[in-house]
Amino acid sequence: MGSTANRDEFPSQVKEVLAKRVGTLCSNPQCCTPTYGPNIEPTKGLSKGAAAHVAAAAPGGPRFDAAMTPEQRGGIDNGIWLCRSCADLIDKDPLRFTSEILRRWKNLAEERARKALERPRIVNVGDDFADTLLLVTIHKEYPAFPESVLRGPRRRRKVTWRAIQAHRELLDVDVPIVAGPPPGPPGYGTVLLSCQNQGPGVQQFVKFGISFRGQSAIHRVEIKNERVLLSEGGQLGSSFASFILREILPGEVMTAYLVARNDLPFDASLWTQNVGDSPEVFVYDVTIGEEEVVTPSNSQPTTHPQPSKIGRNEPCYCGSGKKFKRCHGV
């Protein structure tokens, strides 16, 4: 274990192993760029990779853990292989890129590399480079829309969400919000099932759904993208609904809307072709606050002090560039 200026650095052997265990690709699932390549000189190579610390190598650094020993900080378990851009990014924003998130990246990258050895493929296009999750948001109550507010000035609402099922912290997810009351009877709310691919690879064949454990719950189902197919259930009075996606591209978000009873528990599920039953299911309860009138910062007209005397052929005091006689002197 190396130590430089009170930093617990990685030995060269640890850096080499970190790179090899992920196939020398960046471990960020949204990047996966190659970090080694040829130099123009035939006897040399190029590297843009870095062995980054999950917990900082020295006090005061990003994600520093005082409980770790110097050997642990400089050990392979505390390292993650990244391209230099991603290594710089995680250290500049440590509150966003937590230790938990970095360890998940590392595990995913090593699993992709293992599968690539067994099933060679073109880099960054297959299922193993996809990172698909299902986000379920529950909208139970909606504030009233008085006619005077609807016809008045611009409005806003405070939106809060509470985790019901979440085994890890989410990063850069798209959270759909229902804009108005659900088109259903009293006691019903809206459940949004949002399937999202956060990786650079194409996810082939995805199934996701919701089950109200045998209870009649669903009032209606709405799908706004023709690529999302309702495969089973979803009719009036059904207790479940299942959906199919033939593929989901990198960065895509595919959503199904359900109007269902508020008072019943349910189970949400996600299945992908390369993983099978996936644990990447997150459920949040969304609360939308009362309407607040928004006062735009530019609601008051900008005023300019008018000089006591100004010639008609001089530039106007408002800064328009026109002559005073053709602007405010008209």
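The coordinates are above.
I will try to describe carefully the structure that is included in this document. (Residues numbered from 1 in each chain as written. Predicted model: local features only at pLDDT ≥ 70, side-chain atom pairs only at ≥ 80, totals over all residues. Heavy atoms only, no water.)

What follows deals with the overall build of the chain. Each helix and strand in the chain was counted, giving five helices and 19 strands. Within the chain, buried positions represent 40% of all 330 residues. Considering only contacts within the chain whose residues lie at least 6 apart along the sequence, 72% involve residues at least 24 apart. Surface exposure of the chain reaches about 18,500 Å², of which carbon and sulfur atoms provide 51%. (Helix = DSSP H or I, 4+ residues; strand = E, 2+ residues; numbered from the N terminus. Buried < 20%, exposed > 50% of the residue type's maximum accessible area, 1.4 Å probe, protein only. Contact = heavy atoms within 4.5 Å. Areas by Shrake-Rupley, 256 points an atom, 1.4 Å probe, with all protein chains shown as cover.)

When you tally the buried positions in strand β18 (residues 281-288), you get seven out of eight residues, the bulk of the element. As paired strands, strand β7 (residues 132-139) and β18 are joined by six bridges and run parallel to one another. Bridge assignment links I138 to a residue of β18, and that residue is D285. Bridge count between strand β9 (residues 159-165) and β18: six bridges; the pairing is antiparallel. Paired with A163 across the two strands is Y284, which belongs to β18. (Pairing = 2+ DSSP bridges.)

With that out of the way, let us pick up the pattern of salt bridges. Once the charged atoms of two side chains with opposite charge are near each other, the side chains can pair. If you walk through the whole model with that rule in mind, you get 17 salt bridges. The salt bridge involving D88 is made with K92; its shortest N-O contact spans 3.1 Å. Taken together, the positions of D88 and K92, both in helix α3 (residues 84-92) and four residues apart, correspond to about one turn of that helix. Using a relative accessible area of 39% as the deciding quantity, one classes D88 as partly exposed. Note that D131 is salt-bridged to R104, the shortest N-O span being 2.8 Å. (Salt bridge = Lys/Arg side-chain N within 4 Å of Asp/Glu carboxyl O.)

So, about the nonpolar core. Among the nonpolar cores identified, the biggest contains 27 residues, and L134, L193 and F208 are the most heavily contacted of them. Contributing elements (two or more residues each) for this core: β7, β10 (188-197), β11 (203-211), β14 (240-248), β15 (253-261), β16 (267-272) and β18. Leave out the neighbours within four places in its chain, and L134 touches L193, S194, C195, F208, G209, A268, S269, L270, E280, V281 and F282. Membership of the second largest hydrophobic core comes to 14 residues, among which are V54, L82, C83 and W105. (Core = buried A, V, L, I, M, F, W, Y, C linked by side-chain atoms within 4.5 Å.)

This next bit is on the sheet that holds β15. Remark on secondary structure: sheet strands pair via backbone hydrogen bonds, oriented parallel or antiparallel. Reading across from one edge, β9-β18-β7-β10-β15-β12 is the order of the six strands in this open sheet, with mixed pairing throughout. Pairing within the sheet leaves two strands with one partner each, and these edge strands are β9 and β12 (218-223). Mean inter-strand twist for the sheet, computed between neighbouring axes without regard to direction, equals 25°. (Axes fitted to C-alpha atoms, helices over the stretch in contact; angles between N-to-C directions.)

With that out of the way, let us pick up the sheet that holds β14. Read from one edge of the open sheet, five strands run β13-β14-β11-β16-β17, paired in antiparallel fashion. Bordering the open sheet on either side are β13 (228-233) and β17 (276-277), each of which pairs with just one other strand. Sheet topology note: the β13/β14 ladder contains five bridges and is antiparallel. Each bridged residue has a counterpart across the sheet, and for E232 the counterpart in β14 is S242.

So, on to the side chain of R168. Note on placement: R168 falls in the loop between β9 and β10. Note on R168: relative accessible area 12%, which makes it buried. In this view, R168 contacts E100, R104, L133, E280 and F282; residues no more than four positions away in its chain are not counted.

Scope: geometric values only; no functional claims are made or implied.
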